[in-house]
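# Fold and contact review
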Amino acid sequence: MVNEYITRRTKLIEKLPNNSISIIFGGSEIRKSADEAFKFQIDYNLYYLTGVKQAETILVFIKKENVAKTLLFIQKFDELKEKWTGIRLKEDEAREISGIKEILFSEDFSKELKNIVKEFDKVSFGLDYESAANYGNFDKFISVCEYKDILSKEFANVDFFNIGDELKLLRMVKSDYEIEELRKAIHNTNRGLIEILKKLEPNKYEYEMAALFKYIISLDNSKLSFNTIAASGKNATILHYPDPIDKMKDGDLLLLDLGSDHNEYKADISRTYPINGKFSEMQRKIYEIVLNCNKHIIEIIKPGLTIKVLQEETKRFMADKLIELNLINNPDEIIKYYYHNVSHHLGLDTHDISLRELPLVKGNVITVEPGLYIKELGIGIRIEDDVLVTEDGSECLSKEIIKEINDIESIMK
Ligand code: GLY
Ligand code: MN
Ligand code: MN
């Protein structure tokens, strides 16, 4: 694994300008109550480049005359804190995980930075402005932008540049290791969905299905990619239906949008099942439009296409079919029943950072998630797969997760 992080850093360093210092903050814990913090989430750019998940970690690249030095600042080991809240990294462990030799302490970060800047006549600071989760680590929370102000006041002769796009370009192209992690996350998601198919029946509650999924994936020591969406009947027309509380009715569909995480890599899958085990005539018609659209988009994906083109094709495909069913009269009306995007990049984040307007290249992983939401019929259907862009086409990473009507109905029998 350590080689993976070293390769990623080498690629980033190549892109950094000379006479620059780039800083990536891992973030700080946020207090929830007197004796508890919110669960800490490492900034994924820092994790991507180091493998470290601990709060108050800061990664620094110093590039001078084409030679780069990498520093990693971590919290000083504190035995008492470890006794209260769990295992903490020691310097050697941080070195071993990340492959970075120079480990320093976060509490010395400001002091060290001043020393480093002294070596330059003029220096540029590289920061990632958009990463909202990035916080400076000092004794209060400060955002990257506030940090920029502090740096400008503190140091004369500095300017700033954004390393956000370089990080996006790197993270958009998945390595073989990352693709394997995604495959495992998707496989575990399937285990959860199969259990749901076996237990799904009228008069159970949406939250039972969400809880069952969480339980099954936890058997693989995995956590949720995001809060499970389990929306029955017309609830499924709310895209991010937040609280699954309703009793599931005989004759309705259940839309599930969920995923398991594997080593921080996220599956993001949607499936829609008939609660009583059999699709009605109308449900079947709408389901087949969405399913055929899902398959069509997966089929056409190849390097060079943009997500925008996939979106236009999705709208065109489903509009034609809805006109045939007399649900709409002209193609522009499709946005009444389909009101989101068909794809986003997937990886460490469910909506992974990306320059989404760029043409697809080999190694991108995107979702394909057409949906139709017809409130007046109480029907909401989304079918979402996770797809790898290959040299000359695509591979559906979630092809093992059943989506044909016959397969769903026979497993539910
Ligand atoms: N789960 C959110 C999405 O599918 O994009
Ligand atoms: Mn989803
Ligand atoms: Mn998605």
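Report on the accompanying structure. Keep in mind that this is a model prediction, so the values were computed, not measured. (Residues numbered from 1 in each chain as written. Chains lettered and ligands numbered in written order. Predicted model: local features only at pLDDT ≥ 70, side-chain atom pairs only at ≥ 80, totals over all residues. Heavy atoms only, no water.)

## Comments concerning the coordination of the manganese ion (ligand 3)
Protein ligation of the manganese ion (ligand 3) involves D268 (OD), H344 (NE2), E369 (OE) and E384 (OE), the donor distances falling in the range 2.1 to 2.2 Å. Between the six donor atoms coordinating the manganese ion (ligand 3), the angles at the centre fall across 52 to 156°, so the site counts as irregular. Sequence positions of the donors to the manganese ion (ligand 3) reduce to the motif D-x75-H-x24-E-x14-E. Separating the manganese ion (ligand 3) from the manganese ion (ligand 2) is a gap of 3.3 Å, bridged by D268, which donates to each. (Donors = N, O, S within 2.8 Å, 3.2 Å for Na, K, Ca; no water. Tetrahedral: all angles 85-135°; square planar, octahedral: opposite > 155°, others 65-115°.)

## Re the site of ligand 1
Residues in contact with ligand 1, as listed here, are F226, H240, D257, D268, H344, H351, E369 and E384. The side chain of D268 places a nitrogen or oxygen atom 3.2 Å from an oxygen atom of ligand 1. A distance of 2.6 Å separates an oxygen atom of ligand 1 from a polar side-chain atom of H351. Considering ligand 1 on its own, with 200 Å² of exposed area, one finds that the protein chains cover 92% of that surface. (Near = heavy atom within 4 Å. Polar contact = N/O pair within 3.5 Å; in protein donor to acceptor, adjacent residues only side chain to side chain. Areas by Shrake-Rupley, 256 points an atom, 1.4 Å probe, with all protein chains shown as cover.)

## Some details on the layout of surface pockets
Roughly 320 Å³ of volume is contained in the second largest pocket. Lining the second largest pocket are 19 residues, and of these I229, L239, H240, D257 and H351 sit closest to its centre. Residues of the lining of the second largest pocket, tallied by class, amount to five nonpolar, nine polar and five charged. (1 Å grid on protein atoms, 1.4 Å probe; cavity = no way out; pocket = protein on both sides within 12 Å on 5 of 7 lines; lining within 4 Å. Points joined across faces, edges and corners; volume = space filled by probe spheres on them. Nonpolar A, V, L, I, M, F, W, Y, C, P; charged D, E, K, R; others polar.)

## Some thoughts on the pattern of salt bridges
This structure, assessed with the given rule, holds 29 salt bridges. Residue R95 pairs with D92 through a salt bridge whose shortest N-O separation is 2.8 Å. Here D92 and R95 lie together in helix α4 (residues 91-98), a separation of three residues that amounts to about one turn. Relative accessible area serves as the criterion here: at 29%, R95 is assigned to the partly exposed category. The salt bridge involving D352 is made with R171; its shortest N-O contact spans 2.9 Å. Here D352 is found in the loop between α11 (307-324) and β16 (365-368), whereas its partner R171 is found in helix α7 (residues 164-172), with 181 residues between them in sequence. (Salt bridge = Lys/Arg side-chain N within 4 Å of Asp/Glu carboxyl O. Helix = DSSP H or I, 4+ residues; strand = E, 2+ residues; numbered from the N terminus. Buried < 20%, exposed > 50% of the residue type's maximum accessible area, 1.4 Å probe, protein only.)

## Notes on the packing of helix α10 (residues 281-300) against helix α12 (residues 405-412)
The interhelical angle for the contact between α10 and α12, taken along N-to-C directions, is 125°, at an axis separation of 11 Å. Here α10 lies oblique to α12, going by the angle between them. From α10, R284, Y287 and E288 reach across to α12, where they touch I405, I408 and E409. The residue makeup of the contact of α10 with α12, split by class, is three nonpolar, no polar and three charged. (Axes fitted to C-alpha atoms, helices over the stretch in contact; angles between N-to-C directions. Parallel < 35°, antiparallel > 145°, perpendicular 65-115°, else oblique. Contact = heavy atoms within 4.5 Å.)

## A word on the sheet that holds strand β6 (residues 102-105)
Ordered in space as β6-β5-β4-β1-β7-β10, the six strands form an open sheet in which the pairing is mixed. Strand pairing shows two members of the sheet lacking a second neighbour, β6 and β10 (158-162), which therefore form its edges. Strand-to-strand twist across the sheet, computed as the mean angle between neighbouring axes with direction ignored, equals 25°. Direction of pairing for strand β1 (residues 20-25) relative to strand β7 (residues 123-127): parallel, over a ladder of three bridges. By the bridge assignment for β7, S22 is matched with G126. Lying on the sheet, helix α5 (residues 109-118) is in contact with β1, β4 (58-64), β5 (67-74), β6 and β7; it crosses β1 at an angle near 165°. (Pairing = 2+ DSSP bridges.)

## Things to note about the coordination of the manganese ion (ligand 2)
Here the manganese ion (ligand 2) is held by the protein donor atoms D257 (OD), D257 (OD), D268 (OD) and E384 (OE), which lie 2.0 to 2.5 Å from it. Considering all six donor atoms around the manganese ion (ligand 2), the spread of angles at the metal, 55 to 168°, places the coordination shape in the irregular class.

## As for unusual backbone geometry
Of note in this structure, N221 is not a glycine but carries a positive phi near 55°. Tracing the chain through its elements places N221 in the loop between α9 (206-218) and β11 (229-232). Positioned with a positive phi, N326 is a non-glycine residue whose angle comes to about 60°. Mapped onto the secondary structure, N326 falls in the loop between α11 and β16. By relative accessible area, which is 65% here, N326 ends up exposed.

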